[in-house]
Amino acid sequence: MTAASGQPTAAADVAGGQSLTTGGVGPAVLAIEQALNGAGTWATAHRLVRQATSRPVDAGRHAGLYYGAPAILFTLNAAATDGHERYAAARQHLTPHVRRLVRERLTDADNRRRHGRAAAFGEYDLFYGLTGLGALLLRDLPDSDELGDLLTYVTRLTEPRTDNAQHLPGWWVDHDPDPTLPTPGGHANLGMAHGAAGLLALLALALRDGRYVDRQAEAIERLRAWFDGWQQHSTHGSWWPQWLTRDDLRTGRPAQDGPGRPSWCYGTPGIARALQLAAIATNQPARQAAAETALAASLTSTPLDQLTEPGICHGIAGLHATTYRASQDALTSDIAAQLPALAERLRRVPSPGHTGFLTGGSGCLLASETARTNTPPRTRWDACLLIA
């Protein structure tokens, strides 16, 4: 296995298997999980790992948890969670590349900050940014200096900034959340994949694991206050807007007029899980109960009917994974009581059209493995969702 630094292309991404979104990484992680829990063989897992690593692994500056060297290292490390040193040489080869990548990305972020520019998804988000790299470090390199520096970066990213006399959150981006969804002047994202919930979940998971940097608790409280300030209410419980524009900030009201689908990436379940983790990490049971109430309310039939896709990102598989992890930490059995119905929905959803992780079949089957065994994933694959 070699590490390369060329620019990624869609063809290389899928054919080379380096994408956790659509490529061969998802099937490899699934096969490893099945081999560890007795539902599959290591021969199958080894074959899929070889396919995923059949081309030079991209370790360029654009790589992140869901693409390139970090995605491959995440997969190989998953195979060693039972204490067996599988793929030891490859893991040892990739680890310094990933650590170097983190340092380079932190340097880039520091330069951006010193010049007073806004961040972008590619700098900090879960899929390709530093939050995702933090999830990898927290699971696999928790004692590294890079993790401490990365947590310091996230802590600083929560600090407010001012632009054209308007106060903005530190993770404000000047671009749209999606090319088809324009937000003139930029937006503040609240979701787990690209926004404040991901930042909060990473800081909370790290604190819960005993990883702490200066002002981390202040950053957690700052993010929690942000969610408190933008919490909305409906007949189906609390909800939060997917993102906020400059006009939303000026008026103090979101343009979004009602709750979206109850998904991991943008919906109440992902946000509520982040808030639950923050409350656990800071030992605030009242806040934990409030987060769990919001999550439980989003699992009733009317909100669930908005979920029409099977996958992890914004489908039933991601909702089941999030709900399962939240139920393991919950103060009451209210969330756990919803799992059988979610598992039944998961069994009934049509198979996705591809085998990738984020929106494809391997993600659905990973969630199904958790439903089948009713035990936490052996590989801790759901660390890449910042829910565990």
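Computed from a predicted model, the values in this text were never measured in an experiment.

Asker: Is there a simple way to explain the overall build of the protein in this structure?
Answerer: A count of helices and strands for the protein gives 17 helices and eight strands. Its C-alpha atoms give the protein a radius of gyration of 20 Å, within 12% of the compact-globule value 21 Å for 388 residues. Its C-alpha atoms give the protein principal-axis dimensions of roughly 55 × 50 × 40 Å. Going through the 388 residues of the protein one by one, you find that 56% of them count as buried.

Asker: Just to check I follow, could you spell out the packing of helix 9 (residues 196-208) against helix 12 (residues 268-281) for this structure?
Answerer: Two packed helices can be described by the angle between their axes and the distance between those axes. Packing of helix 9 against helix 12 leaves a shortest axis separation of 8 Å and a crossing angle of 30°. Relative to helix 12, the element helix 9 is oriented roughly parallel. Viewed along their axes, helix 9 and helix 12 form a crossing whose handedness is left-handed. Along its contact with helix 9, which presents A197, L200, A201, A204, L205, L207 and R208, the element helix 12 presents I271, R273, A274, L275, L277, A278, I280 and A281. Class assignment for the residues of the contact of helix 9 with helix 12 results in 13 nonpolar, no polar and two charged.

Asker: Would you explain the UniProt feature "binding site: Zn(2+)" (unreviewed entry) in the protein in this entry?
Answerer: Mapped onto this structure's residue numbering, the UniProt feature "binding site: Zn(2+)" (unreviewed entry) falls at C265, C313 and H314. The largest pairwise C-alpha distance within this set of annotated residues, which runs over 50 residues, is 6.0 Å, so the set is compact in three dimensions. In contact with C265, other than residues within four places in its own chain, are G191, M192, A193, C313 and H314. Positionally, C313 belongs in the loop between helix 14 (301-304) and helix 15 (316-329).

Asker: Sorry, what's going on with the nonpolar core here?
Answerer: Across soluble globular proteins, nonpolar side chains have a tendency to be buried as a group. Among the nonpolar cores identified, the biggest contains 119 residues, and Y66, Y124, W171, F227, W264, F357 and L385 are the most heavily contacted of them. Per-element accounting of this core gives the leading share, eleven residues, to helix 9. When near neighbours in sequence (up to four residues on either side) are disregarded, F357 contacts L20, T21, G26, Y66, I312, S362, G363, L366, W381, C384 and L385.

Asker: Would you take a moment to explain the state of the cysteines for this structure?
Answerer: Chemically, a disulfide is nothing more than a covalent bond linking the sulfur atoms of two cysteines. As enumerated under the stated definition, the model contains zero disulfides in all. Free cysteine: C265, not disulfide-bonded; nearest cysteine sulfur from C313 at 3.8 Å. The exposure class of C265 is buried, given its relative accessible area of 4%.

Asker: Just checking my understanding: could you explain helix 7 (residues 130-140) for this structure?
Answerer: Extensive coverage of helix 7 is indicated by the burial of ten of its eleven residues. Turning to helix 7, its buried residues number three or more, namely L130, T131, G132, L133, G134, A135, L136, L137, L138 and R139. Buried residues along helix 7 sit in contact with helix 4 (69-78), helix 5 (88-114), helix 6 (121-124), helix 8 (145-157) and helix 9.

Asker: Teacher, can you tell me more about the packing of aromatic side chains here?
Answerer: Think of a pair of aromatic rings as described by two things: how far the centres are apart, and how the planes are tilted against each other in angle. Using the criterion set out here, one finds nine aromatic pairs in the structure. Counting every residue linked through ring pairs, the aromatic cluster contains Y66, F127, W264, F357 and W381.

Asker: What is the right way to look at the packing of helix 7 against helix 9 in this model?
Answerer: Two elements in contact, helix 7 and helix 9, have axes separated by 10 Å at closest approach and are oriented at 20°. On the basis of their axis angle, the class for helix 7 and helix 9 is roughly parallel. The handedness of the crossing between helix 7 and helix 9 is left-handed. Where helix 7 approaches helix 9, its residues T131, G134, A135 and L138 are matched on the opposing element by G198, L199, L202, L205 and A206. Per-class residue counts for the contact of helix 7 with helix 9 are six nonpolar, three polar and no charged.

Asker: Honestly, the pattern of salt bridges in this entry has me stumped. Any pointers?
Answerer: If charged atoms from side chains of opposite charge come close, those side chains can pair. Per the counting criterion, the structure on display carries 27 salt bridges. The partner of R61 in a salt bridge is D108, with the nearest N and O atoms 2.8 Å apart. Of the two residues, R61 sits in the loop between strand 2 (57-58) and helix 4 while D108 sits in helix 5, which places them 47 residues apart along the sequence. According to the relative accessible area criterion, D108 is partly exposed, its value standing at 31%. Two residues, R287 and D228, come together in a salt bridge whose shortest N-O distance is 3.0 Å. Of this pair, R287 sits in helix 13 (residues 285-297) while D228 is found in helix 10 (residues 216-230), placing the two residues 59 residues apart along the sequence.

Asker: I'm lost on empty space enclosed by the protein in this one. Help?
Answerer: Left-over empty space is what a probe sized like a water molecule reveals as it rolls over the atoms. For the structure on display, the rule yields one cavity of 30 Å³ or more. Approximately 30 Å³ is the volume attributed to the largest cavity. Lining the largest cavity are A135, L138, L205, R380, A383, L386 and A388. Looking at side-chain class alone, the lining of the largest cavity contains six nonpolar, no polar and one charged residues.

Asker: Can you help me understand the environment of G361 in this one?
Answerer: Mapped onto the elements, G361 comes out in helix 17 (residues 361-373). Taking the C-alpha atoms as reference points, G361 and A135, 226 residues apart in sequence, are found 23 Å from one another. The residues contacting G361, other than those within four sequence positions of it, are P352, H354, T355 and G356.

Asker: Quick question: what am I supposed to make of the side chain of Q232 here?
Answerer: Inspection of the secondary structure assignment puts Q232 in strand 6 (residues 232-234). A distance of 3.0 Å separates a polar atom in the side chain of Q232 from the backbone oxygen of W230. The contact partners of Q232, leaving out residues within four places of it in the chain, are G237, S238, W239, P241 and P254.

Asker: How do you make sense of the environment of Y212 when you look at a structure like this?
Answerer: Looking at the secondary structure, you find Y212 in the loop between helix 9 and helix 10. Taking C-alpha positions, Y212 is 7.9 Å from L151, a pair spaced 61 residues apart along the chain.

The rules we used
For every chain, the first residue of the written sequence is number 1, and numbering continues from 1 along that sequence. Only residues with pLDDT of at least 70 are given local features in this predicted model, and only at 80 or more are side-chain atom pairs given and counted; all residues enter the totals for whole chains, interfaces and linings. Side-chain measures here rest on the full set of heavy atoms in the structure, leaving out hydrogens and waters. Working definition: helices are DSSP H or I runs of at least four residues, strands are E runs of at least two. Numbering for both runs from the N terminus. Radius of gyration: over C-alpha atoms. The globule rule applied is 2.2 Å multiplied by the number of residues raised to the 0.38 power. Each residue is assigned to one of three classes by its accessible area relative to the maximum for its type, calculated with a 1.4 Å probe on protein chains only: buried under 20%, partly exposed between the two thresholds, exposed over 50%. All axes here are fitted lines through C-alpha atoms, helices being fitted over the stretch that makes contact, and every angle between N-to-C directions spans 0 to 180 degrees. Here the angle decides the label: under 35 degrees means roughly parallel, over 145 means roughly antiparallel, 65 to 115 means roughly perpendicular, and every other value means oblique. In this scheme the crossing of two helices becomes right-handed for a clockwise turn of the near helix relative to the far one and left-handed for an anticlockwise turn of less than a right angle. Contacts: residue pairs with any heavy atoms within 4.5 Å of one another. Amino acids outside the nonpolar list (Ala, Val, Leu, Ile, Met, Phe, Trp, Tyr, Cys, Pro) and the charged list (Asp, Glu, Lys, Arg) are all regarded as polar, and Gly is one of them. UniProt positions are given in the numbering used here, feature names are shortened, and annotations may be inferred rather than shown by experiment. In plain words, nonpolar cores are sets of buried Ala, Val, Leu, Ile, Met, Phe, Trp, Tyr and Cys residues tied together by side-chain atoms within 4.5 Å. Any cysteine sulfur atom paired with another within 2.5 Å is treated as part of a disulfide. Planes of paired rings set the category: under 30 degrees apart is stacked, over 60 is edge-to-face and the rest tilted, where pairs are Phe, Tyr or Trp rings (Trp by its six-membered ring) whose centres lie within 6.5 Å. Between Lys or Arg on one side and Asp or Glu on the other, a salt bridge is scored when a side-chain nitrogen of the former is within 4 Å of a carboxyl oxygen of the latter. Using only the protein atoms, space was sampled on a 1 Å grid; points where a 1.4 Å probe fits but cannot get out form cavities, open sets with protein on both sides within 12 Å along at least five of seven lines form pockets, and lining residues are those with an atom within 4 Å of a point. Grid points are joined across faces, edges and corners, and a volume is the space filled by probe spheres set on the points. In protein, a polar contact requires one atom able to donate a hydrogen and another able to accept it; more generally it is a pair of N or O atoms within 3.5 Å, and residues adjacent in sequence count only if both atoms are side-chain atoms.

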